[in-house]
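Examination of the molecular architecture
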Amino acid sequence: MGCTIIGCGKQLPALDVPNEELTKLVDTTDEWISTRTGILSRRVCVTEGNVDMAEGAARQALGWADGGYSQCKVAPEDIDLVIYSTISPDEMVPTCAAVLRRRLGLVNAAAFDMNAACTGFIYGLTIAESMMAASAPSAAGAAGRNPIRRALVVGGERLTRVVDWADRNTCVLFGDGAGAAVVEWDERKPGILSWFIKNDDDHTNALTCPACFDAPQPFTPEGVDPNALQQADPSIALIDAELDTTERIAAGAPRQVLSMHGQKVFKFATSAMPAAIEEVLHRANLTIDDVQFIVPHQANLRIIKYAAKRMGLPLERFQVSIAHRGNSSSACIPMTLCDAYENGSIHPGDKVVLVGFGGGFTSGAVLYEA
């Protein structure tokens, strides 16, 4: 018995920005971007918000709208939990999950946001599966917990609003979008067979994005001081020192934008992805030969190719969707999973691995039977 995926969906913003358009902003070329990343274009929000895209993806996953994959139409009152992974929320309060719950009429759902960077959807699935298992009728102590039978797990990002469009090393990489999956506890099906999550310290601050809280603060170490309203928050300097962003921001770069050391992130990713796959298979007492398909995070085509080569697998065993979307952080895996269902790459009974890695550093994988 287990937590089974019964639907998934995706939505992208309307504007498609080809590589050539970015030459208007930074010194780059289509050839330079595509050969190093596999990206040809990306989708960018103009009028859409994060939750707008998540709503579209969720409606497909719930079987309420065309597109995506859904085994059945799920009634709104049958969703018990909404987990929304994002690093680019539309607002701090209410959470994106709460706004999505309200829009969809999920009257019985507990709802919260979470952030595990690009691995967020993987973390979200593990949380949903754990809460379902803990509240299953046969679980010890289940009577004292919320009964979670169906959950909506979302990865949504309007990532381009935290991109420095003057930095050619990062601005060419990212795009916007949202993906969603509906999971159900089914005593008759294996569902999720194993999962693995991990954090490694990012000692060199290879991937950072400081927050930007700009409300004036009328305080000094001595107490209330109205004159302090005209001064910078002194804690900002400490945060910048922690993240090694002092010089970049002093040079005029926007504060709340992604900063990345590409080679260091590449080194981490090419190690973390195969390791996560190997560990999740080990926990299920399976080998890579037992797996029919792999859905990886879409950060860079070279990372996916490297992982395939290291594991002795043809690239055809991996869903590759980066070309016209770029890296959309926690939205990548659920959108790519939706692609795999839509193009017929996943069949009933298949064993599938979802695998991700991201800032923090986070990494993880989920192995499930379709």
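Coordinates for the structure precede this section.
Cut-offs applied
- Residues numbered from 1 in each chain as written.
- Predicted model: local features only at pLDDT ≥ 70, side-chain atom pairs only at ≥ 80, totals over all residues.
- Heavy atoms only, no water.
- Pairing = 2+ DSSP bridges.
- Helix = DSSP H or I, 4+ residues; strand = E, 2+ residues; numbered from the N terminus.
- Axes fitted to C-alpha atoms, helices over the stretch in contact; angles between N-to-C directions.
- Contact = heavy atoms within 4.5 Å.
- Patch = residues over 30% accessible without salt bridge, like charges linked within 9 Å, V, L, I, M, F, W, Y side chains within 5 Å.
- Areas by Shrake-Rupley, 256 points an atom, 1.4 Å probe, with all protein chains shown as cover.
- Salt bridge = Lys/Arg side-chain N within 4 Å of Asp/Glu carboxyl O.
- Buried < 20%, exposed > 50% of the residue type's maximum accessible area, 1.4 Å probe, protein only.
- Polar contact = N/O pair within 3.5 Å; in protein donor to acceptor, adjacent residues only side chain to side chain.
- Phe/Tyr/Trp six-rings, centres within 6.5 Å; stacked < 30°, edge-to-face > 60°.
- Lys NZ or Arg CZ within 6 Å of the ring centre and 35° of its normal.

1. Here we look at the sheet that holds strand S16 (residues 362-369)
Spatial ordering of the open sheet is given by S9-S16-S15-S14, a layout of four strands whose pairing is mixed. Every interior strand has two partners, whereas the edge strands, strand S9 (192-199) and strand S14 (293-296), have only one. Across the sheet, the mean angle from the axis of one strand to that of its neighbour is 10°, orientation sign disregarded. Sheet topology places S14 next to strand S15 (residues 351-358); four bridges connect them, and they run parallel. Pairing of Val-295 across the sheet is with Leu-354, part of S15. Its contacts with the sheet put helix H11 (residues 332-342) on S14, S15 and S16, and the angle it makes with S14 is roughly 145°.

2. Describing a nonpolar patch on the surface
A contiguous nonpolar patch, built from Met-92, Val-93 and Phe-213 and spanning about 410 Å² of accessible area, is present on the exposed surface. Positionally, Val-93 belongs in the loop between strand S5 (81-85) and helix H4 (96-104). For Val-93, a relative accessible area of 76% translates into the label exposed.

3. Regarding the side chain of Thr-170
Among the structural elements, Thr-170 can be located in helix H6 (residues 168-171). Polar side-chain contacts of Thr-170 include one of 3.0 Å to the side chain of Asp-167. Excluding anything up to four places from it in sequence, Thr-170 contacts Asp-164, Leu-258 and Met-260.

4. As for the sheet that holds strand S4 (residues 69-70)
Spatially, the six strands line up as an open sheet ordered S4-S1-S8-S7-S5-S6, and their pairing is mixed. Each having just a single partner strand, S4 and strand S6 (110-114) make up the two edges of the open sheet. Relative to strand S8 (residues 177-186), strand S1 (residues 2-11) runs antiparallel, the two sharing nine bridges. Across the sheet, residue Ile-5 finds its bridge partner in S8, namely Val-183.

5. Regarding the pairing of strand S7 (residues 150-157)
For S7, the buried fraction is high: seven of the eight residues fall into the buried class. Where S5 meets S7, five bridges bridge the pair, whose relative direction is parallel. Bridge assignment links Ser-85 to a residue of S7, and that residue is Gly-155. In the sheet, S7 pairs with S8 via eight bridges, with the strands oriented antiparallel. Bridge pairing in S8 links Val-154 to Ala-180.

6. A short note on the packing of aromatic side chains
Using the criterion set out here, one finds two aromatic pairs in the structure. Measuring from centroid to centroid gives 4.1 Å for Tyr-69 and Tyr-341, while their planes differ by 10°, and the two rings are stacked. Of this pair, Tyr-69 sits in strand S4 while Tyr-341 is found in helix H11, placing the two residues 272 residues apart along the sequence. Classification of Tyr-69 by relative accessible area gives partly exposed; the value is 21%. Taking 4.2 Å as the distance between ring centres and 15° as the angle between the ring planes, the aromatic pair formed by Phe-268 and Phe-361 counts as stacked. A residue pair is termed long-range when its members are at least 10 positions apart, and Phe-268 in helix H9 (residues 262-283) and Phe-361 in the loop between S15 and S16 qualify at 93 residues. On the basis of relative accessible area, Phe-268 is assigned to the buried category, the value being 12%. For Phe-361, a relative accessible area of 8% gives the class buried. Sitting over the face of the ring of Trp-32, Arg-168 holds its NZ or CZ atom 4.5 Å from the ring centroid. Arg-302 extends its terminal NZ or CZ atom over the ring of Phe-266, reaching a point 5.0 Å from the ring centre.

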